[in-house]
Amino acid sequence: VQSEGFKGNKRAGYQAACDAMFRLIGTGETAGTSKFSLNILGDFNLAGEIWMIQEYYKQMGLEVVANVTGDGRVDDICRAHGAALNVVQCSGSTMQLANMMEEKYGVPSLRVSYFGIEDMSEALYDIARFFKEKYPDDPEADRIMERTKALVQEKVRDLVPKLEKYRKALAGKKAAIYVGGSFKAFSLVKAFRLVDMDVVMVGSQTGTEEDYRELEAITDPGTVIVDDANPLELNSFLKEKEVDIFVGGVKERPIAYKLGIGFCEHNHERKEALAGFEGMLNFAKEVYSSVMSPVWRFVP
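Quantities reported herein were computed from a predicted structural model and do not represent experimental measurements. (Residues numbered from 1 in each chain as written. Predicted model: local features only at pLDDT ≥ 70, side-chain atom pairs only at ≥ 80, totals over all residues. Heavy atoms only, no water.)

Engineer: What am I meant to see in the packing of helix α7 (residues 182-194) against helix α8 (residues 209-218) here?
Structural biologist: Geometry of a packed helix pair, given as the angle between the helix axes and the separation of the axes. Close contact between α7 and α8 brings their axes to 10 Å; oriented N to C, the two are set at 5 degrees. By the criterion of interaxial angle, the relationship of α7 to α8 is roughly parallel. Within the contact between the two elements, α7 uses Ser182, Ala185, Phe186, Val189 and Arg193 and α8 uses Asp211, Glu214, Leu215 and Ile218. In the contact of α7 with α8, the residues fall into five nonpolar, one polar and three charged. (Axes fitted to C-alpha atoms, helices over the stretch in contact; angles between N-to-C directions. Helix = DSSP H or I, 4+ residues; strand = E, 2+ residues; numbered from the N terminus. Parallel < 35°, antiparallel > 145°, perpendicular 65-115°, else oblique. Contact = heavy atoms within 4.5 Å. Nonpolar A, V, L, I, M, F, W, Y, C, P; charged D, E, K, R; others polar.)

Laid out in C-alpha cells, this is it:
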C-alpha cells in the first residue's frame, strides 16, 4: 500500500488500505458466482474466527466469494464485485470499501456484529432476510431462511445451559469497556447483560455522537460513557466505579494490572476466538476465570 511517510491517523490508514483493495476488485472473472453469495469485510481471522463464520454461511447455503482481509486470497478479492452482498463486520476499517463497491458495482452492504448471541443471531437473520427480499419468488431464498432458523436454534439451545454456571457466579459484578470501535462496544454491553453483569463504564476511540447516544440508550442510568479517553481518565473512572473486570486492547492492559483488577483482551493480540456462538462461551469462561480468581484477595 502506498502511504508515504505513514501520514495521517488510524482512519487515514484504513482509507489507504481500502483504496488499495479497490484497485484489485473488478479485475477478476465473476462467471459461476452464485446469486446467493457474499463477501466478508472487516474480519481479520483472529484465532480462526473467520472459519467459524464461513461455516455458518455454508450451513445457510450461501457462497463466500472473498474475505477482506482475514485468510484472504488476491484472486478472490479480484472477483469480489460478483457477490450479491457485502457483510461488514468492522465498519471502521472497511465500510469505505463497501461504499465504493456499492457506488461502482451496485453491491449493497449490511453492517453486522459477530459478537454475543443476540448480535450473531441477528446478523444471520438479517442476511437471510436480505436474500428473501431480493429474490421473493425463489424457493432457495425460503430454504436459506429455514436453514438459518435451524442453525440459530441449535446453537442457542446448546449454548444457553453452558452459560448458566457463569451467569450465576458473575451476576451483579461490574464491568468496564474501552475498545477501538463503538460497534464492538454495543455487542459487549449485550454480552455482559447475558451473564447478568453491570456495565458501569463504556467508551471507544472512534465513536460518533450518534454512537454515544445509542450507547446511552442501551446502558443503565449512571453508566460513564467516554470518548477517546486518556489513561489517567480511564484510571479515575475504573477506581470510582470499583470495577471487577476491564475489557480493552493491549494499551489498556497495564492500567488494569496497576489497579489490581481483572482484564479481558479484546483486540488483535488475542489468541482465543470470541466471535460467534462458540466465542460467546469462550468470553464467559475468560471473564469468569479473571473475575473469580483467588488472586484478588491479595490486592491491597
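Engineer: I tried to follow the layout of surface pockets on my own but got confused; where do I start?
Structural biologist: If a probe the size of a water molecule is rolled over the atoms, the empty space left behind becomes visible. Computed from the structure, the second largest pocket encloses a volume of approximately 220 Å³. Among the secondary structure elements, those contributing two or more residues to the lining of the second largest pocket are α5 (117-134), α7 and α8. Residue contributions to the lining of the second largest pocket peak at five residues, all from α5. Taken together, the residues of the lining of the second largest pocket sort by class into five nonpolar, two polar and seven charged. (1 Å grid on protein atoms, 1.4 Å probe; cavity = no way out; pocket = protein on both sides within 12 Å on 5 of 7 lines; lining within 4 Å. Points joined across faces, edges and corners; volume = space filled by probe spheres on them.)

Engineer: Hey, could you run me through the sheet that holds strand β3 (residues 85-88) in this one?
Structural biologist: Sheet strands pair via backbone hydrogen bonds, and the direction of the pair is either parallel or antiparallel. A sheet is described by the order of its strands in space; here four strands give the open sequence β2-β1-β3-β4, paired in parallel fashion. Strands at the two margins of the open sheet, each flanked by one partner only, are β2 (63-69) and β4 (109-111). Direction aside, neighbouring strands of the sheet carry axes that sit 20 degrees apart on average. Examined bridge by bridge, strand β1 (residues 37-43) and β3 share four bridges and lie parallel to one another. Residue pairing for β3: Leu38 is matched across the bridge by Leu85. Those strands touched by α5 are β1, β3 and β4, and its axis lies near 165 degrees from that of β3. (Pairing = 2+ DSSP bridges.)

Engineer: For this particular structure, what's the right way to read unusual backbone geometry?
Structural biologist: With the exception of glycine, the majority of residues adopt a negative phi angle, and the majority of peptide bonds are in the trans configuration. Look at the link from Val68 to Thr69: it is a cis peptide, with omega at 10 degrees. As for its position among the elements, Thr69 is in strand β2. A positive phi angle, close to 60 degrees, is found at Asp196, a residue other than glycine. Looking at where Asp196 falls in the secondary structure, it is placed in the loop between α7 and β6 (198-204).

Engineer: Is there a simple way to think about helix α2 (residues 49-60) in this case?
Structural biologist: Every α-helical turn comprises 3.6 residues, leaving residues that sit three or four positions apart pointing alike. Here α2 spans 17 Å end to end across 12 residues, near enough to the 16 Å set by a 1.5 Å rise per residue. By the burial criterion, the buried members of α2 are Glu49, Ile50, Met52, Ile53, Tyr56, Tyr57 and Met60. An end-on view of α2 places all buried positions within 160 degrees of arc, on one side of the element. In this structure, the buried residues of α2 make contact with β1, β2, β3, α5, α6 (139-170) and α11 (276-291). Gly61, located one to two residues past α2, shows a positive phi value of around 95 degrees. (Expected span 1.5 Å × (residues − 1). Buried < 20%, exposed > 50% of the residue type's maximum accessible area, 1.4 Å probe, protein only. Arc of directions from axis to C-beta.)

Engineer: Which parts of the structure should I look at to understand α5?
Structural biologist: Between its first and last C-alpha, α5 extends 26 Å over 18 residues, near the 26 Å set by a 1.5 Å rise per residue. The complete set of buried residues in α5 reads Ile117, Asp119, Met120, Ser121, Ala123, Leu124, Tyr125, Ile127, Ala128, Phe130 and Phe131.

Engineer: What exactly am I supposed to notice about the sheet that holds β6 here?
Structural biologist: Read across the open sheet, the five strands follow the order β7-β6-β5-β8-β9; overall the sheet is parallel. Of all the strands in the sheet, the pair left with one neighbour each is β7 (224-227) and β9 (262-265). Across the sheet, the axes of successive neighbouring strands diverge by a mean angle of 15 degrees, strand direction being ignored. Both strand β5 (residues 174-179) and strand β8 (residues 245-248) contribute to a ladder of three bridges, which runs parallel. The partner of Ala176 across the bridge, within β8, is Phe246. Contacts between α7 and the sheet are confined to β5, β6 and β8, with β5 contributing the most and set at about 165 degrees to the helix. Docked against the sheet, α11 engages β8 and β9, running at close to 155 degrees with respect to β9.

Engineer: Honestly, the environment of Val226 in this entry has me stumped. Any pointers?
Structural biologist: Mapped onto the elements of the fold, Val226 is located in strand β7. By relative accessible area, which is 7% here, Val226 ends up buried. Put simply, Val226 and Lys168 are 58 residues apart on the chain and 29 Å apart in space, counted from C-alpha to C-alpha. When neighbours within four sequence positions are excluded, Val226 is seen to be in contact with Tyr178, Val202, Gly203, Ser204, Tyr212, Leu234 and Phe237.

Engineer: Sorry if this is basic, but what is going on with the side chain of Ser121 here?
Structural biologist: Inspection of the secondary structure assignment puts Ser121 in helix α5. Look at Ser121 and you get buried, because its relative accessible area is 8%.

Engineer: So what exactly am I meant to see when it comes to a nonpolar patch on the surface here?
Structural biologist: A cluster of nonpolar side chains, namely Val295, Trp296, Phe298 and Val299, defines an oily patch on the protein surface of about 370 Å² accessible area. Following the sequence through the fold, Val295 ends up in the segment after α11. For Val295, a relative accessible area of 42% translates into the label partly exposed. (Patch = residues over 30% accessible without salt bridge, like charges linked within 9 Å, V, L, I, M, F, W, Y side chains within 5 Å. Areas by Shrake-Rupley, 256 points an atom, 1.4 Å probe, with all protein chains shown as cover. Salt bridge = Lys/Arg side-chain N within 4 Å of Asp/Glu carboxyl O.)

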